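What follows is each chain in one-letter form.
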Amino acid sequence: MNNLKANLQNIRARVAKACEKAGRDPAEVMVLAASKMHTPARIRELHALGQRSFGENYIQEALAKQAQLGALDIEWHFIGPLQSNKTREAAEHFAWVQSVDRAKIARRLAEQRPPELPPLELCIQVNIDREPQKAGVLPEQAGELARFVQDLPNIRLRGLMAIPRMGSEEYDPSDSYRRVRELFLQIRDAGIPMDTLSMGMSADLEQAILQGSTLVRIGTDLLGPRPDDDSAE
Ligand SMILES: *Cc1c(COP(=O)(O)O)cnc(C)c1O
C-alpha cells in the first residue's frame, strides 16, 4: 500500500471505529506518523494531506530530514533510543521526546532545552513486559522517574509510552496495554498530572485504543513498508 491518501483515510477510519467501540471521542487520539527510514519527499506528501505529527527514531536521520523540511509546520517527536551524547540535538530540534527511561537523560534534556522554546513535551518509556533487550524503565520504577521529571524546568511531563512484547503467534498486546494504563492511573493518583498514553502501532492500534491510548504511532500502515527495514523492534 503506497497510496498515502488511502492509507491516511484508512488509519483515520480504524481510529474512529476503535473509538466508537470503546465509547471514546476520536478527538482524544492523536495519530503520529512514524517516519523512520522514509524519505523527506514522502513526509512532505503526507504532510500535504494533512498529517502534522511525525516521529523519528535516529537523531542524525531526523536532523537531515528536518533540514530539508524546515519550512513545514511539522510537530516532531523523538521516539527512538536516546543516548546521552544526543540529548542536545533532541532538546533543540523536537517538540516531544517519548523515549525517556532514565533520570540522567531527563536532566540533560531539561538543561539543554533552549529557554526561548516552549517546554519539551516528554513521555516516559516503560518496558511493560520486562524484556531484557528492550528500552524503557521497569514498571515499578516509572513513578519515581515521573516525579523526578515533573520537577524539572523546561520540561512538561505528558505521560507514558510503551511497546509491548511481540509474540510470535496470536499476538495480543491487550494485557500489556491494560497494565500500562493501570500504571498511568496509579501515577496520576499519586498526584502527578499526565494526559498522554502513547501506545499502539500499525498492527494493534485497535487494542491500544480500547485500553485507553491517546496517541498511536503508525509507520507501516501509513507510509508503507520501510525501505530498509532491519531495525524493527
Ligand atoms: C517504527 C515504530 C513505530 C511504528 O511501527 P509500525 O508497526 O510500522 O506501525 C511505532 N513506535 C515506535 C517506537 C517505532 O519505532
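Everything quoted here is computed from the prediction, not taken from an experiment.

Cut-offs applied
Per-chain numbering applies: the sequence of each chain, read as written, is numbered from 1 onward. For a predicted model such as this one, the threshold for reporting local features is a pLDDT of at least 70, and the threshold for listing and counting side-chain atom pairs is 80 or more; totals across whole chains, interfaces and linings nevertheless cover every residue. As a rule here, side-chain values come from all non-hydrogen atoms in the structure, and water together with hydrogens is ignored. Secondary structure elements are defined from DSSP: runs of H or I of at least 4 residues count as helices, runs of E of at least 2 residues count as strands, and each element is numbered from the N terminus. It is over C-alpha atoms that the radius of gyration is taken, and the globule rule equals 2.2 Å times the number of residues to the power 0.38. Partly exposed residues are those whose accessible area sits between 20% and 50% of the maximum for their type, while under 20% is buried and over 50% is exposed, using a 1.4 Å probe and protein chains only. By definition, residues are in contact when any of their heavy atoms lie within 4.5 Å. Each accessible area is a Shrake-Rupley result for a 1.4 Å probe, and residues are judged covered by the shown protein chains and nothing else. For the charge count, each Lys or Arg is scored as positive and each Asp or Glu as negative, with His and the chain ends excluded. By convention, the point assigned to a charge is CZ for Arg, NZ for Lys, CD for Glu and CG for Asp. A pair of sulfur atoms, both from cysteines and within 2.5 Å, is called a disulfide here. A cutoff of 4 Å decides nearness: a residue is near a molecule or strand if any of its heavy atoms lies inside that distance of it. Under this definition, polar contacts are N or O atom pairs within 3.5 Å; protein pairs additionally need one hydrogen-donor-capable and one acceptor-capable atom, and for neighbouring residues in sequence, both atoms have to be side-chain atoms. Only buried residues count toward a nonpolar core. Its members are Ala, Val, Leu, Ile, Met, Phe, Trp, Tyr and Cys residues joined through side-chain atoms within 4.5 Å. For two strands to be treated as a pair, DSSP must find at least two bridges joining them. For the handedness criterion, the strands are oriented away from the viewer, and a crossover whose path from the first strand over the helix to the second runs clockwise is classed as right-handed.

### Focus: the overall build of the protein chain
- Counting its secondary structure elements, the protein chain contains nine helices and eight strands.
- For a compact globule of 233 residues, the expected C-alpha radius of gyration is about 17 Å, and the protein chain comes in at 17 Å, within 12% of that figure.
- Taken along the three principal axes of its C-alpha coordinates, the protein chain extends 45 × 40 × 35 Å.
- Put simply, the protein chain has 233 residues, and 52% of those count as buried.
- Within the protein chain, counting contacts between residues at least 6 apart in sequence, those at least 24 apart form 60% of the total.
- Counting every atom, the protein chain has about 10,900 Å² of accessible surface; 49% of that belongs to carbon and sulfur.
- Where the 30 positive side-chain charges of the protein chain centre and where its 33 negative ones centre are 2 Å apart.

### Describing the state of the cysteines
- In this structure the tally under the stated criterion is zero disulfides.
- Here C19 is not cross-linked by a disulfide; its sulfur's nearest cysteine counterpart is in C123, at 18 Å.
- Residue C123 is classed as buried on the basis of its relative accessible area of 0%.

### Details of the site of the ligand
- With respect to spatial proximity, the complete set of residues near the ligand consists of A34, K36, N57, I79, I163, M201, S202, R217, I218, G219, T220 and R226.
- The side chain of K36 places a nitrogen or oxygen atom 2.7 Å from an oxygen atom of the ligand.
- In the model, an oxygen atom of the ligand is placed 2.8 Å from a nitrogen or oxygen of the R226 side chain.
- Summarising the interface, the protein chains cover 91% of the accessible area of the ligand, which totals 390 Å² for the free molecule.

### Considerations on the environment of G200
- Mapped onto the elements of the fold, G200 is located in the loop between β7 (196-198) and α8 (205-210).
- C-alpha of G200 to C-alpha of N154: the two residues are 46 residues apart in sequence and 28 Å apart in space.
- Aside from chain neighbours lying at most four places away, what touches G200 is Y177, L205, A208, V216 and R217.

### Side note on the environment of Q60
- Along the chain, Q60 falls in helix α3 (residues 59-68).
- By relative accessible area, Q60 is classed as partly exposed at 48%.
- A sequence separation of 29 residues divides Q60 from E89, and the C-alpha atoms of the two residues are 8.9 Å apart.

### Quick notes on the side chain of E131
- In this fold, E131 is placed in the loop between β5 (120-126) and α6 (139-150).
- On the basis of relative accessibility, which here comes to 9%, the residue E131 falls in the buried class.

### Observations concerning the nonpolar core
- Counting 59 residues, the largest nonpolar core has V15, L109, I124, L160 and L222 as the members making the most contacts within it.
- The biggest single contributor to this core is helix α1 (residues 4-22), with six residues.
- For I124, the residues in contact, after removing those within four places along its chain, are Q98, V100, V137, A142, L145, A146, V149, L157, G159, L160 and M161.
- The next biggest cluster of nonpolar side chains, apart from the first, holds eight residues, and it includes A34, I79, C123 and I163.

### Some remarks on unusual backbone geometry
- Of note, M37 is a non-glycine position whose phi angle comes to about 70°, a positive value.
- In this fold, M37 is placed in the loop between β1 (30-34) and α2 (40-48).
- If you check the backbone angles, N154 has positive phi at about 65° while not being a glycine.

### Concerning the pairing of β1
- The buried fraction of β1 amounts to four of the five residues, a majority that puts the element mostly inside the structure.
- The sheet contact formed by β1 and strand β8 (residues 215-218) spans four bridges and is parallel. Bridge pairing in β8 links L32 to R217.
- Where β1 meets strand β2 (residues 53-56), two bridges bridge the pair, whose relative direction is parallel. Each residue of the ladder has a partner; that of A34, found in β2, is G55.
- Taking the sense of rotation as the criterion, the β-α-β connection linking β1, α2 and β2 turns out right-handed.

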